[in-house]
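Take a look at the letters that make up each chain.
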Amino acid sequence: MAKSTHFYELFQPEHYNVYLDINRATKQITGTSTITGDAKATQIAIHQKYMTINSVKADGQAVPFTFDDQSEGIHIDLGKTGKATVAIDFTAPLTDSMMGIYPSYYELNGEKKQIIGTQFETTAARQAFPCVDEPEAKATFDLAIKFDEHEGETIISNMPEVKTENGVHYFDTTVRMSSYLIAFAFGEMQSKLTTTKSGVQVGVFATKAHQAKELDFALDIAKRSIEFYEDFYQTPYPLPHSWQMALPDFSAGAMENWGLVTYREAYLLIDPDNTAFDLKLRVATVVAHELAHQWFGDLVTMKWWDDLWLNESFANMMEYVAIDAIEPTWGAWDAFQSGDVPMALQRDATDGVQSVHVQVEDPAEIDALFDSAIVYAKGARMLVMVRALIGDDALRSGLKAYFAAHKYGNARGADLWAALGQASGLDVGAIMNSWLEQPGYPVVTAKVVDGRLTIAQQQFFVGDGQDAGRQWQIPLNSNYDAVPTLLKDHSLDLGDYQSLRQTSGEPFRLNVGNNSHFIVQYDDQLLQDILANVNALDEISQLQLLQDLRLLAEGRRISYATVVPLLTRFADSKYTVVTSALYTVAGNLRKFVTPDSAEEKQIKAYYDQLSAQQVARLGWTPRATDSIDDELSRPTVLSATLFAHNSVAVAAAHEQFTAHQAELASLPAATRPLILANEVKNYGSAELFDTLLAAYRQSTDASYKADLSAALTSTTDAALIAKLIAAFEDADTVKPQDLRAWFRGVLANSKGEQAAWDWIRNDWQWLEDTVGGDMEFTTYITVISRVFRTAERLAEFKAFFEPKINTPGLTREINMDTKVIETRVNLIKDEQAAVNAAIAQVVK
Ligand SMILES: [Zn+2]
């Protein structure tokens, strides 16, 4: 059978009766999947993976079947078409891969425990029970689950439990839904519940290893998010409950299973008494993201995985819309502008990047689509652009119509554009297709030529890129009235510059608000005009200026050396987005210096200079008078002064450490990672290392654990680095879900780089066996590409990864990351001297 045949074309399920008997002790699942549906051919196919099929019956009669491992299914000879009930008896292993039905491990009072959960997206429902495992194959499901149950255990699923008989838990029939959204979890749990205005039960669940108060924050956000969406979408939440479950082992950030959303503990549980504000905001946006999916993704689902962006881009925009609406002072959009936006602009500038919409068939290729920079960040920015164009009223009425037309069914991108087009009267599809179907984005150049102001678009690349003559329909958002809403052509003459400048009374600008996916290169005259008036710009415009200049320098359209002296004028900003953009640029200058060199001393002096005022203003201790911007800026500037090795700062951090030595977790969460890392780097010892490692093993507080891992991986001691590497494959110390952060920490540490690089090359097979089935796998390669900066490392990278280039799911990542390292190596070679000279000029 051709690989491209979707099983749904052969058999269309209407209803499933799924019975599962899960034995944790033997790690075995036995069960029956009984599917009633409509056979479109006499030979049908049903998905399964890693299963033993004991029997297949059609309408009560045994029928022949054959395995087809390549397409992860079995072929069944029905001998007839039309309505049929197919009953499949199977056994399957309970695996440790964080996919399918899998155990999560944790400790409670020194006792090892586990909780069973599920992760089916994209194609792992077929590891749990035989099914037509494609998003279009929507059906209703009756789940009945038995397990080796003991006193005090709970089981939850998409729908409420209706009865327990002979140890079997029966759940209410689901609404019509896709297989990848089925979920359940069981074990010893604690929970907190509440109810929305409209009567939806909302709950947060976690293991008992956590303090009860850690559930409160997410419960409140979940309740208010659902209330917000019911109003915004003008469509009721379709299920009786919305459970949020924190799992100790979880590969992605969270998963939008309908009615039972699963999360990494770090993205759901918050200590209300000591959590950094950015992490609170992160948890809030993750919860809001998953709940946005309950409509957009769950109620209406993409027809096939090529339209994954429909789910993810939309939820990624709505997480900010929702949190900004329910907590307007939290600056949710600031986080979008300084997180998602630069991530999208950076990756989307590398030639070879995929478009937001891509054709896919192979399961490994489907997993590789979950590219946070493209499908999430760029896709969200596309929709932010649409929202800015059509406004919220048209967006809401368009969505209402979209949900009404496609609920409990499937849709394609064109269906959304049609609904939004209808509501707004704009040809949304024509505008958006240029963004959706083409990779990359434009740089718009603005110049005064012979007295006339002209703009032109061209694809922007960081590194070598083949100009394919792509054009976009660009929402320009200028502050000058003479500029049209859209740039559809290659270039445009806007008229006499002097009279335009005079009429408007302010410097010429494009992309005001930074909501369109392009960057601007102003000629020197226009740029100097903006810079001369920079203090009049709002904080997003200042961030945008720094972001665009950095990208232009990365893309070799301007020299990094010209950016260096500009940084000083942003150094004392009270806006956290500006401070964070400033230190993103400064951080990018660090690649031009070799560790332990005279040039490194010099850039440290520049950091000291840039951060001095802010450190004096904000200090080490949170104050009651802090604005959210102060709270967020403090760790950024303290990190800068510590990088500068400012002796007062190093001593102050040490003092903080000493004062909290008895209970390190009680250090203020925002500065805790800096204080711990400072201690390891400047006052480190084997004893301290062992103390922190023991604390890491014992703690259940994910944010404290992340701080400890960041501190431990910053050690400069070779023997301790060897100890860290040894812990990588010890799941009792480093859970597979957290391994990438440990690896990144050691690799980015100049004293650990060699050891980490040796480890991943030597133990690649182990890594593939452990996390290879997982959609996060390729990001191990991305992490390497962010660190390497020398020709030697580039050669080693190529030698190791080029032979793996045809591995499904890895091809694009290896190609792009090779280019990323190559581009960096060339940039450093060409500009190192000029950049360091420019830094020498500005250091006082
Ligand atoms: Zn999502």
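Model, not experiment: these values are computed from the prediction.

(A) Summary view of the overall build of the protein chain. Counting its regular elements, the protein chain contains 26 helices and 28 strands. In terms of overall dimensions, the protein chain is globule-like: its C-alpha atoms have a radius of gyration of 28 Å, near the 28 Å expected for 844 residues. In terms of overall dimensions, the protein chain has a C-alpha envelope of 85 × 65 × 55 Å along the principal axes. Here the protein chain holds 844 residues, and 59% of them are scored as buried. Pairs at least 24 residues apart make up 71% of the contacts formed inside the protein chain by residues separated by at least 6 positions. In the structure as shown, the protein chain presents an accessible area of about 31,000 Å², 49% of it carried by carbon and sulfur atoms. Taking the average place of the 71 positive charges on the side chains of the protein chain and the average place of its 111 negative ones, the gap between the two points comes to 2 Å.

(B) Inspection of the UniProt feature "domain: Peptidase M1 membrane alanine aminopeptidase" (unreviewed entry) in the protein chain at higher detail. Summarizing the sequence annotation, UniProt attributes the feature "domain: Peptidase M1 membrane alanine aminopeptidase" (unreviewed entry) to residues 217-435 in the numbering used throughout. For residues 217-435, helix accounts for 59% and strand for 9%, while the C-alpha atoms at its two ends are 37 Å apart.

(C) Fine view of the packing of aromatic side chains. Here the structure, examined in full by the defined rule, presents 48 aromatic pairs. Pairing Tyr233 with Trp295 gives two aromatic rings, centres 5.2 Å apart and planes at 65 degrees, and the pair type is edge-to-face. Within this pair, whereas Tyr233 is found in the loop between helix H1 (216-232) and strand E18 (241-247), its partner Trp295 is found in the loop between helix H2 (277-293) and strand E21 (300-302), the two being separated by 62 residues in sequence. Judged by its relative accessible area of 0%, Tyr233 is buried. Residue classification places Trp295 among the buried positions, given a relative accessible area of 0%. Taking the centre distance of 4.9 Å and the plane angle of 85 degrees together, the rings of Tyr696 and Trp742 count as edge-to-face. Of the two residues, Tyr696 sits in helix H18 (residues 686-698) while Trp742 sits in helix H21 (residues 739-748), which places them 46 residues apart along the sequence. Owing to a relative accessible area of 0%, Trp742 belongs among the buried residues under this scheme. Taken together, the aromatic side chains of Phe228, Tyr229, Phe232, Tyr233, Tyr237, Trp295, Phe296, Phe314, Tyr402 and Phe403 make up a single cluster linked through ring pairs.

(D) Spotlight on the sheet that holds strand E13 (residues 161-165). An order of E5-E4-E8-E2-E1-E11-E14-E13 is seen for the eight strands of this open sheet, with the pairing classed as mixed. Across the chains shown, the open sheet's two edge strands, defined by having one partner strand only, are strand E5 (61-62) and E13. Here strand E1 (residues 11-23) runs beside strand E2 (residues 28-39); their pairing, made up of twelve bridges, is antiparallel. Looking across to E2, one finds that Asn23 is bridged to Gln28.

(E) Structural context of the coordination of the zinc ion. His289 (NE2), His293 (NE2) and Glu312 (OE) make up the full set of protein donors to the zinc ion, lying at 2.0 to 2.1 Å. Along the chain, the residues that donate to the zinc ion are spaced as H-x3-H-x18-E. Highlighted residues: His289 and His293, both in helix H2, separated by four residues, approximately one helical turn. Exposure class is identical for His289 and His293. Each is buried.

Rules behind the numbers
Residues numbered from 1 in each chain as written. Predicted model: local features only at pLDDT ≥ 70, side-chain atom pairs only at ≥ 80, totals over all residues. Heavy atoms only, no water. Helix = DSSP H or I, 4+ residues; strand = E, 2+ residues; numbered from the N terminus. Rg over C-alpha atoms; globule rule 2.2 N^0.38 Å. Buried < 20%, exposed > 50% of the residue type's maximum accessible area, 1.4 Å probe, protein only. Contact = heavy atoms within 4.5 Å. Areas by Shrake-Rupley, 256 points an atom, 1.4 Å probe, with all protein chains shown as cover. Lys, Arg positive; Asp, Glu negative; His and termini not counted. Charge placed at Lys NZ, Arg CZ, Asp CG, Glu CD. UniProt positions renumbered as here; feature names shortened; annotations may be inferred. Phe/Tyr/Trp six-rings, centres within 6.5 Å; stacked < 30°, edge-to-face > 60°. Pairing = 2+ DSSP bridges. Donors = N, O, S within 2.8 Å, 3.2 Å for Na, K, Ca; no water.

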